[in-house]
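One letter stands for each residue in the lines below.
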Amino acid sequence: MWGGRFAEGPSAVMREINASIPFDKRMWRQDLRGSQAHVAMLGKQGIVAAEDAARIAEGLTQVAADFEAEGVPDDLSLEDIHMVSESRLAEKIGPVAGRLHTARSRNDQVATDFRLWVRDAIDQAEAALGTLQDALLARAEEHADSVMPGFTHLQSAQPVTLGHHLMAYFEMIARDRSRLADARARMNLCPLGSAALAGTGFPLDREATAKALGFDGPTRNSLDSVSDRDFAIEYLTAAAQCSLHLSRLAEEFVIWASQPFGFVSLSDQWSTGSSIMPQKRNPDAAELVRGHSGRIVGSLVSLMITMKGLPLAYSKDMQDDKPPVFEAHDLLGLCIAAMTGMVGSATFRTDRMRALAESGFATATDLADWLVREAGVPFREAHHITGRAVARAEAEGVRLDQLSIDALKEIDARIDDRVYGVLSIDASVSSRASFGGTAPVRVREAIATARAGRKENGR
């Protein structure tokens with residue numbers, strides 16, 4: 001490759017550190033797509049003879065068939081997927097293959113290939129997250145009325161429904177999909193034609209190349225085009241945020257599957273056993289989703305640190321942009337698939353959830369609200385009155401709704417029999433009917449709205 005300038009070849013260590021083919025071969029489809037679009041434009045513009053362009057196009061099709069059937073060889077002497085593809089093309093059609101690189105640099109070539117790859121990765125993640133949302137919607141609808149304790153500080157706070165709880169994750173995933181869609185829209189410009197850094201003197205039709213590759217248009221600055229990796233960082237940012245949401249859901253499953261909680265039983269498909277303790281059913285899939293989030297966040301940090309001090313335009317450091325993106329993509333896909341499987345197949349112990357919701361005085365806020373609403377008590381005073389009622393119930397070992405009216409009147413004479421209409425967990429849940437609340441009627445409305453939105457947007 002360097003024969004015209006270098007008298008000696010690289011050392012073995014230089015060959016190994018310089019080569020990216022072991023990992024960037026994943027982009028062979030994108031590389032060949034970009035080459036097909038480029039040579040078609042060269043032929044149409046008369047930069048390359050039409051018959052040569054046709055031969056090159058046919059040769060690229062043959063190379064694609066070879067790579068599909070045999071894989072891409074790890075030839076370190078050819079460094080990267082671009083040179084491996086071009087070398088294989090030369091084997092197919094001879095010296096005319098050398099015309100393919102006219103008006104193109106590996107700098108704009110890799111920038112284009114990588115954008116195409118990340119764009120495909122975003123589409124895959126979006127589709128997978130849509131499937132996870134479907135699983136959440138199905139289970140939320142099934143459990144729109146199932147009462148469970150709602151927590152703050154992992155302490156019983158107020159009763160909610162399991163459907164409402166699951167829909168919270170639906171909303172998180174919706175934001176993740178929105179971030180991915182935003183990143184895709186922003187990155188959808190084509191760097192091809194920027195050449196090494198300054199553009200080219202050949203009469204390219206960059207609009208045609210961009211259109212052929214499904215971009216909205218060409219990038220507007222050749223220096224920025226070859227040095228920009230914002231699109232990869234944005235993808236990793238969205239992936240990292242998504243992984244945090246998946247990790248939170250995974251942590252819920254880990255906690256819920258423990259014997260002290262007993263809220264959920266994970267299927268055999270998503271559990272493992274112990275090599276020494278026969279009774280164990282470990283939520284390893286959920287734990288690995290939780291763990292993988294750290295690696296995905298690490299991928300984001302890795303690329304940000306790589307890019308933070310690079311001057312314009314291309315530097316070889318940028319060869320290290322792809323491994324963290326590839327790793328994050330693989331891990332994210334696994335995590336989404338695992339959580340989709342766990343959500344869809346989990347057995348929720350709603351009896352256990354209800355029993356714990358009835359403990360912990362979760363309807364205390366309802367008593368305070370009743371005092372404000374029905375007795376005209378200022379909320380701060382109502383808060384103190386309710387605190388005394390909780391202390392009385394705790395001392396007697398009963399729930400709030402099991403305190404006698406005499407006991408309640410001893411605490412505050414303004415309390416009357418009507419209070420029992422708000423002290424049960426069912427009454428508490430049903431009363432939370434404000435928009436976005438946990439009342440079953442609101443949960444079903446939220447599910448219907450979400451389904452309609454998915455259908456309308458095709459997402």
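Refer to the structure presented above.
Residues numbered from 1 in each chain as written. Predicted model: local features only at pLDDT ≥ 70, side-chain atom pairs only at ≥ 80, totals over all residues. Heavy atoms only, no water.

Participant: Would you mind going over the overall build of the protein chain with me for this structure?
Facilitator: For the protein chain, the helix and strand inventory stands at 19 helices and four strands. The C-alpha atoms of the protein chain give a radius of gyration of 30 Å, which is well past the 23 Å a tight globule of 459 residues would have. Buried residues in the protein chain amount to 48% of all 459 residues. The contacts of the protein chain with a sequence gap of at least 6 include a subset with a gap of at least 24, amounting to 76%. With the model as given, the accessible surface of the protein chain reaches about 21,400 Å², and the carbon-plus-sulfur share is 53%. (Helix = DSSP H or I, 4+ residues; strand = E, 2+ residues; numbered from the N terminus. Rg over C-alpha atoms; globule rule 2.2 N^0.38 Å. Buried < 20%, exposed > 50% of the residue type's maximum accessible area, 1.4 Å probe, protein only. Contact = heavy atoms within 4.5 Å. Areas by Shrake-Rupley, 256 points an atom, 1.4 Å probe, with all protein chains shown as cover.)

Participant: Honestly, the pattern of salt bridges in this entry has me stumped. Any pointers?
Facilitator: Note on pairing: side chains with opposite charge can pair once their charged atoms come close. Summed over the entire model, instances satisfying the criterion amount to 39 salt bridges. Among the ionic pairs, Asp123 bridges to Arg184, the shortest N-O distance being 2.7 Å. Of the two residues, Asp123 sits in helix α6 (residues 106–142) while Arg184 sits in helix α7 (residues 162–187), which places them 61 residues apart along the sequence. A residue is classified by how much of its surface remains accessible, and Asp123, at 32% relative accessible area, is partly exposed. (Salt bridge = Lys/Arg side-chain N within 4 Å of Asp/Glu carboxyl O.)

Participant: Could you clarify how one ought to interpret a nonpolar patch on the surface in this entry?
Facilitator: On the surface, a cluster of nonpolar side chains totalling about 270 Å² of accessible area is made up of Leu197, Leu223 and Leu312. Examined against the element boundaries, Leu197 turns out to sit in the loop between α7 and α8 (206–212). (Patch = residues over 30% accessible without salt bridge, like charges linked within 9 Å, V, L, I, M, F, W, Y side chains within 5 Å.)

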